Amino acid sequence: VAPLSAAIVGQDAYFARPFAPYSCRVDDSFESPEHVDWERLRLAIAEHARDHRLVVVEGHIVAADTALVAMADLCVILECSHEICRRRRV
């Protein structure tokens, strides 16, 4: 059996502004769906899919884009509190 070829695409790389540490922020308003370059993210996923059998897309708002969700064979959504999410990113 051949090894599984996989790629991971992180949604944070596709925000309109670069990620800023929480200690340097005034608010988190730019971390919303309207601030993600969805077209560029979908293109990156399609490019990785040509070279890999598995593409994992991770991010806290990836399910907000219906076109991206339609590309998926499987969606796994993990839920946790806002505090846990924030703690894991710090």
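Residues numbered from 1 in each chain as written. Predicted model: local features only at pLDDT ≥ 70, side-chain atom pairs only at ≥ 80, totals over all residues. Heavy atoms only, no water.

Colleague: What's the story with the overall build of the protein in this structure? I'm lost.
Modeller: Across its full length, the protein carries 3 helices and 2 strands. Secondary structure elements of the protein, listed N to C terminal, follow the sequence β-α-β-α-α. Across the 90 residues of the protein, 21% fall into the buried class. Of the contacts made within the protein by residues no fewer than 6 positions apart, 67% connect residues no fewer than 24 positions apart. (Helix = DSSP H or I, 4+ residues; strand = E, 2+ residues; numbered from the N terminus. Buried < 20%, exposed > 50% of the residue type's maximum accessible area, 1.4 Å probe, protein only. Contact = heavy atoms within 4.5 Å.)

Colleague: Just checking my understanding: could you explain a nonpolar patch on the surface for this structure?
Modeller: On the surface, a nonpolar cluster with roughly 370 Å² of combined accessible area is contributed by Leu 4, Ile 8, Leu 54 and Val 56. Note that Ile 8 resides in strand S1 (residues 6-10). (Patch = residues over 30% accessible without salt bridge, like charges linked within 9 Å, V, L, I, M, F, W, Y side chains within 5 Å. Areas by Shrake-Rupley, 256 points an atom, 1.4 Å probe, with all protein chains shown as cover. Salt bridge = Lys/Arg side-chain N within 4 Å of Asp/Glu carboxyl O.)

Colleague: Before we go on, may I ask you to explain the layout of surface pockets in this structure?
Modeller: Considered as a void within the structure, the largest pocket measures approximately 1,400 Å³ in volume. Among the elements of the structure, helix H1 (38-51), strand S2 (54-58), helix H2 (66-71) and helix H3 (82-89) are those that each provide at least two residues to the lining of the largest pocket. By residue class, the composition of the lining of the largest pocket is 22 nonpolar, 4 polar and 10 charged. (1 Å grid on protein atoms, 1.4 Å probe; cavity = no way out; pocket = protein on both sides within 12 Å on 5 of 7 lines; lining within 4 Å. Points joined across faces, edges and corners; volume = space filled by probe spheres on them. Nonpolar A, V, L, I, M, F, W, Y, C, P; charged D, E, K, R; others polar.)

Colleague: What is the right way to look at the pattern of salt bridges in this model?
Modeller: Pairing is possible between side chains of opposite charge, provided their charged atoms come close. Inspection of the entire model under this criterion finds 2 salt bridges. Note that Arg 40 is salt-bridged to Asp 37, the shortest N-O span being 3.4 Å. Judged by relative accessible area, Asp 37 falls into the partly exposed class, the value being 34%.

Colleague: For this particular structure, what's the right way to read the side chain of Gln 11?
Modeller: Mapped onto the elements, Gln 11 comes out in the loop between S1 and H1. Residue classification places Gln 11 among the buried positions, given a relative accessible area of 0%. A distance of 3.2 Å separates polar atoms of two side chains, one belonging to Gln 11 and the other to Asp 12. Dropping the residues within four chain positions of it, Gln 11 is found in contact with Glu 58, Gly 59, His 60, Ile 61 and Val 62. (Polar contact = N/O pair within 3.5 Å; in protein donor to acceptor, adjacent residues only side chain to side chain.)

Colleague: Mind showing me how you'd approach the environment of Val 69 here?
Modeller: When you line up the elements, Val 69 lands in helix H2. On a C-alpha basis, the gap between Val 69 and Arg 42 in space is 9.8 Å, while along the polypeptide they are 27 residues apart. Aside from chain neighbours lying at most four places away, what touches Val 69 is Val 62, Ala 63 and Cys 75.

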